[in-house]
Amino acid sequence: MDSVVRDLAADLSEQARELDGRDRLAGKRDEFDLDPEVAYLDGNSLGAPPLSVAPRLAEVVREQWAGRLIRSWSDGWWDAPVRVGERIAPLLGAAPGQTVVCDSTSVNLFKALVAATRINPGREEILLDAGTFPTDGYIADSVARLTGTRVRRVPMPEMAGAACPRTAVALVNHVDYRTGALADLPAVTAGLHEAGALVVWDLCHGAGAVPPDLDQSDVDIAVGCTYKFLNGGPGSPSFVYVARRLQEVFDQPLAGWGGHRDPFAMAESYEAGPGMDRARSGTPDILSLLALDAALDVWEGVDLAEVRAKGLALGDFFLHCLDELLPGTGVISPRDHARGNQISIAWPDAEATMRTLTERGVIGDFRPPDVLRFGLAPLYTRYADVLRAVLALATVRAETA
């Protein structure tokens, strides 16, 4: 490291210390089980575990499963999808009675898209965000084959203007998984509604980072995962939001006993349960669900405006460090604030580079062939972690020059 770079690094280090010292959310990091020697910048793939999770799971296994055995289903297990959904609702800008946690993201997207085409009959088109996360495309294609509709891929910024009288529903990502670009959720929703289309929002890369204000934006249906910025743990179940005005006509295709009006009556025919119960399908995955319930404790008393502000500030500092230490780096995330909580950069041999960074205690991720992604989780990411990541990148570049 030459003297100029050393001076820049020293100046940036002082800036990071000042920013961390003023951070109103800094104390939240102490509620997570994180190795202090690791800069963890992959919360947009898998959130870090809150300290509350392990003892809660031990309690569930020892006292509820082992102690109460099957009696635990009536002690609160069966109602957990609704109860945990209500805890997530405020993070989404959703009033009570519109959110439930059940199944995986892929399963819930399938349910949501089929239900939306049934709500909007006589329209033969599903609009799909052209830059969507792959599973969204797989699910949309599957729904189209089953419902006799067709999928038309449209770039996210053109989505609102692309809807027409043929469009039944659009599936749109709130945050682009590769670039971190943020969709204008209120404007896109309004534009689709003007054409008579419904909209299903994929909130996976924004929930817990960018408040979507679903009720205020008149969103129809939304689906999102809970293991990224919500820290629910690997494979934790997904959430579904259905606006109250659509719940009675939300006819989803996986009519399992979990969504039945009286699941323990063992009736031969299906009758959908009231409200959000009808979005459920099978038996709740209790261990994952209650781990998520414990993880949500870290959000108690948190101001979502502060979370959003810090996420943007971390990204701004990341860009500032890049400009100082690695000028000319190809940043593919928006430099303005039309982004989620990640910074993505173009980097040759991204997979090998991320492997080297990980070995040196800086954990992000990559997307082939040449994208490095760094997730910035405001509840535990420090400005010092951001600087460490950029310094590690600078070292890798110097070593391979």
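Residues numbered from 1 in each chain as written. Predicted model: local features only at pLDDT ≥ 70, side-chain atom pairs only at ≥ 80, totals over all residues. Heavy atoms only, no water.

The chain carries the name Kynureninase in an unreviewed UniProt entry, which gives Amycolatopsis antarctica as its organism. As its UniProt record puts it under Cofactor (unreviewed entry), the chain is described as follows: "pyridoxal 5'-phosphate". Its UniProt record gives the chain a comment under Subunit (unreviewed entry), which states: "Homodimer." (UniProt positions renumbered as here; feature names shortened; annotations may be inferred.)

Sorry if this is basic, but what is going on with the sheet that holds strand β10 (residues 342–346) here?
Pairing between the strands of a sheet comes from backbone hydrogen bonds, and it takes one of two forms, parallel or antiparallel. Strand order in this open sheet of four strands is β9-β10-β13-β12, and the pairing throughout is antiparallel. The two strands at the open ends of the sheet, each matched to only one other strand, are β9 (330–331) and β12 (365–367). Judged from the two bridges that link them, β9 and β10 form a sheet pairing that is antiparallel. For G330, the partnering residue across the bridge sits in β10 and is A346. Its contacts with the sheet place helix α9 (residues 304–325) against β9, β10 and β13 (371–375), and it is angled at close to 30 degrees to β10. (Pairing = 2+ DSSP bridges. Helix = DSSP H or I, 4+ residues; strand = E, 2+ residues; numbered from the N terminus. Contact = heavy atoms within 4.5 Å. Axes fitted to C-alpha atoms, helices over the stretch in contact; angles between N-to-C directions.)

Is there a simple way to think about a nonpolar patch on the surface in this case?
The grouping of V61, W65, L69, I70 and L287 at the surface amounts to a nonpolar patch, some 510 Å² of accessible area in total. Counting through the fold element by element, L287 comes out in helix α8 (residues 286–295). (Patch = residues over 30% accessible without salt bridge, like charges linked within 9 Å, V, L, I, M, F, W, Y side chains within 5 Å. Areas by Shrake-Rupley, 256 points an atom, 1.4 Å probe, with all protein chains shown as cover. Salt bridge = Lys/Arg side-chain N within 4 Å of Asp/Glu carboxyl O.)

Whenever I open this one, the packing of aromatic side chains confuses me. Can you help?
Ring pairs (aromatic) are described by centroid distance and by the angle formed between their planes. Within this structure, the stated rule accounts for ten aromatic pairs. Plain terms: the ring middles of W257 and F264 are 5.2 Å apart, the flat faces sit at 75 degrees to each other, and that makes the pair edge-to-face. Here a set of aromatic residues connected by ring pairs shows up, and it is made of W73, W77, W78, W257 and F264. Over the face of the ring belonging to W78 we find R280, whose NZ or CZ atom lies 4.9 Å from the ring centre. (Phe/Tyr/Trp six-rings, centres within 6.5 Å; stacked < 30°, edge-to-face > 60°. Lys NZ or Arg CZ within 6 Å of the ring centre and 35° of its normal.)

Please explain a negative patch on the surface as it appears in this structure.
Taken together, the side chains of D2, D7, D11, E18 and E324 make up a negatively charged region of the molecular surface. Looking at the negative patch, the element that brings in the most residues is helix α1 (residues 3–22), giving three residues. With respect to the helices, strands and loops of the structure, D7 is situated in helix α1. (Lys, Arg positive; Asp, Glu negative; His and termini not counted. Charge placed at Lys NZ, Arg CZ, Asp CG, Glu CD.)

Quick question: what am I supposed to make of the pattern of salt bridges here?
Side-chain pairing between opposite charges can occur once the charged atoms of the two side chains come close. Inspection of the entire model under this criterion finds 26 salt bridges. In this structure, the salt-bridge partner of D293 is R87, at a minimum N-O distance of 2.7 Å. In this pair, D293 sits in helix α8 while R87 sits in helix α3 (residues 80–92), placing the two residues 206 residues apart along the sequence. Taking the relative accessible area as the measure of exposure, R87 reaches 24% and is therefore partly exposed. When salt bridges with common partners are traced through the structure, they connect R56, R87, D293, D297 and E300 into a single cluster. (Buried < 20%, exposed > 50% of the residue type's maximum accessible area, 1.4 Å probe, protein only.)

Would you explain the pairing of strand β8 (residues 239–242) in this entry?
It is a general feature of regular strands that their side chains alternate between the two faces of the sheet. The alternating pattern of β8 places F239 and Y241 on one face and V240 and V242 on the opposite face, and all of these are buried. Here strand β2 (residues 99–101) pairs with β8 via three bridges, running antiparallel. Each residue of the ladder has a partner; that of V100, found in β8, is V240. With four bridges connecting them, strand β7 (residues 221–224) and β8 associate as antiparallel partners. Bridging from a neighbouring strand, I221 pairs with V242 of β8.

Explanation requested: the nonpolar core in the structure shown.
Soluble, globular proteins show a tendency: their nonpolar side chains are buried together. Counting residues in each nonpolar core, the largest one holds 55 residues, and the members touching the most others are V172, L192, W201 and W299. Among the secondary structure elements, those contributing two or more residues to this core are α3, α6 (159–162), β5 (167–173), α7 (185–194), β6 (198–202), β8 and α8. The biggest single contributor to this core is α3, with six residues. Residue contributions to this core reach at least three from each of two domains, namely domain 1 (3–31 + 302–400) and domain 2 (54–299). With near-sequence residues (within four places) excluded, L192 lies in contact with L127, M159, A160, A163, A170, V172, A197 and V199. (Core = buried A, V, L, I, M, F, W, Y, C linked by side-chain atoms within 4.5 Å. Domains from an automatic or database assignment.)

Would you take a moment to explain the sheet that holds β5 for this structure?
Read from one edge to the other, the open sheet built from seven strands follows the order β2-β8-β7-β6-β5-β3-β4, with strand pairing classed as mixed. Among the strands making up the open sheet, the edge pair consists of β2 and β4 (150–154). Taking the axes of each pair of neighbouring strands and ignoring which way they run, one obtains an average angle of 20 degrees across the sheet. Two strands pair when backbone bridges link them, and strand β3 (residues 125–129) and β5 are joined in this way by four bridges, in the parallel orientation. If you follow L128 over to β5, its bridge partner there is L171. In the packing of α3 onto the sheet, the strands contacted are β2 and β8, and the crossing angle to β2 comes to about 125 degrees. Packing of helix α4 (residues 105–119) onto the sheet brings it into contact with β3, β5, β6, β7 and β8, and relative to β7 it is tilted by some 170 degrees.

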